[in-house]
Amino acid sequence: MPELPEVETIVRMISPRLTGRKIDHIRLVRLDIVRPARTDLAKCLPGRGIGRIYRRAKRIVFELDDGNRFYIHLGMTGRLTLESPKSAIKAHTHLVLEMGQEELRFVDPRRFGGFFWLGSDDSWENDLGPEPLELSSEQLVVLLSQTKRAIKTALLDQKIIAGVGNIYADEALFAAKIHPRMAANRLTKEQIVRLNRGIKQVLTRALKHRGSTLRDYRDANGDSGNFQKLHRVYDRTGQPCWNCKTKIMRIVLGQRSTHFCPRCQMR
Ligand SMILES: [Zn+2]
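All of these numbers come straight from a predicted model, not from anything done at the bench.

Conventions and cut-offs
Residues numbered from 1 in each chain as written. Predicted model: local features only at pLDDT ≥ 70, side-chain atom pairs only at ≥ 80, totals over all residues. Heavy atoms only, no water. Pairing = 2+ DSSP bridges. Helix = DSSP H or I, 4+ residues; strand = E, 2+ residues; numbered from the N terminus. Donors = N, O, S within 2.8 Å, 3.2 Å for Na, K, Ca; no water. Tetrahedral: all angles 85-135°; square planar, octahedral: opposite > 155°, others 65-115°. Buried < 20%, exposed > 50% of the residue type's maximum accessible area, 1.4 Å probe, protein only. Axes fitted to C-alpha atoms, helices over the stretch in contact; angles between N-to-C directions. Contact = heavy atoms within 4.5 Å.

Enquirer: I keep staring at the sheet that holds strand β5 (residues 69-73) and nothing clicks. Help me out?
Expert: The strands making up a sheet associate through hydrogen bonds between their backbones, and the pairing can be parallel or antiparallel. In spatial order, the strands read β2-β9-β5-β4-β3; together these five strands make up an open sheet with mixed pairing. Of all the strands in the sheet, the pair left with one neighbour each is β2 (34-35) and β3 (50-56). Bridge count between strand β4 (residues 59-64) and β5: five bridges; the pairing is antiparallel. Counted as the bridge partner of V61 is Y71 from β5.

Next up, the structure:
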């Protein structure tokens, strides 16, 4: 599933190419990807200009020139690509926004993602915690003191921190040398400082390498990310730890695969 670095990579690619452009037409709307149901996109979008495109958590937010907003969530298998109007439409393309010589296409075979019309509603951020790249250790201490859940599970909760998912939670815990099963509210101040540094380091490096492609993720040009080659623990079960050569272990926590080094990340 695309997380902060993958979504941010897409935003950085499409924003300079689409900001200021006008949406001429929309095509191929598969209605069940649109929320709220019965939103009439043919009324909301054509004729409007793109004012701004930005990321919040794992959402790609579009602000139109009339102040209305919508966002696209990529879910598990979603892709948002910029293509020439002449290129063939791929299978599972659910929405096409025609903007002059560019087409923004939303493809999502498993349809866990979608198009969310916000209009002028400002409450859409209420369920999101702070952005991890802007988070202070003091803030993180407060956020983690409120939950007894395993730290790995707490990191996936978008109300605590927004934008971190399974890959980068595992990688950040390895960077901070913290066992994923540790109770979040039992971490020491020192561990939380390390964790905050680990989260930022891992996300920044992933962003530099244009995200991770394990199966489905592609950027706005349809290319894979490269950071998966630099994963220390994620998806490396049984392979030697980069630090100590111990075999990386996989456990299931909160129904999610969790990877860690039993030696570097002792409880
Ligand atoms: Zn190790």
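Enquirer: Please clarify how the coordination of the zinc ion should be interpreted in this entry.
Expert: Angles between donor atoms at a metal ideally measure 109.5 degrees for a four-coordinate tetrahedral arrangement and either 90 or 180 degrees for a six-coordinate octahedral one. Only C241 (SG), C244 (SG), C261 (SG) and C264 (SG) from the protein reach the zinc ion as donors, at distances of 2.2 to 2.4 Å. For the zinc ion, the four donor atoms in the first shell make angles of 100 to 113° at the metal, so the coordination geometry reads as tetrahedral. For the zinc ion, all donor residues lie on one chain, and their spacing in sequence is C-x2-C-x16-C-x2-C. Taken together, the residues C241 in the loop between α6 (189-208) and β10 (249-253) and C264 in the segment after β11 (256-260) connect sequence positions 23 residues apart. This pair shows no difference in class: C241 is buried, exactly as C264 is.

Enquirer: Honestly, the pairing of strand β9 (residues 114-119) in this entry has me stumped. Any pointers?
Expert: Strand residues, when the strand is regular, have side chains that alternate between the two faces of the sheet. Counted residue by residue, β9 has five buried out of six residues, so it is predominantly covered. Relative to β9, β2 runs parallel, the two being bridged by two bridges. By the bridge assignment for β9, R35 is matched with F116. Bridging between β5 and β9 involves five bridges; their strand directions are antiparallel. Within β9, the position partnered with I72 by the bridge is F115.

Enquirer: Would you take a moment to explain the sheet that holds strand β6 (residues 79-83) for this structure?
Expert: Taken in spatial order, the four strands of this open sheet run β1-β7-β8-β6, and their pairing is antiparallel. In this open sheet, the two edge strands, each paired with only one partner strand, are β1 (25-27) and β6. With strand direction ignored, the average angle separating the axes of adjacent strands in the sheet is 15°. Note: strand β7 (residues 93-99) against strand β8 (residues 102-107), six bridges, orientation antiparallel. If you follow T93 over to β8, its bridge partner there is V107. Lying on the sheet, helix α1 (residues 4-18) is in contact with β6, β7 and β8; it crosses β6 at an angle near 35°.

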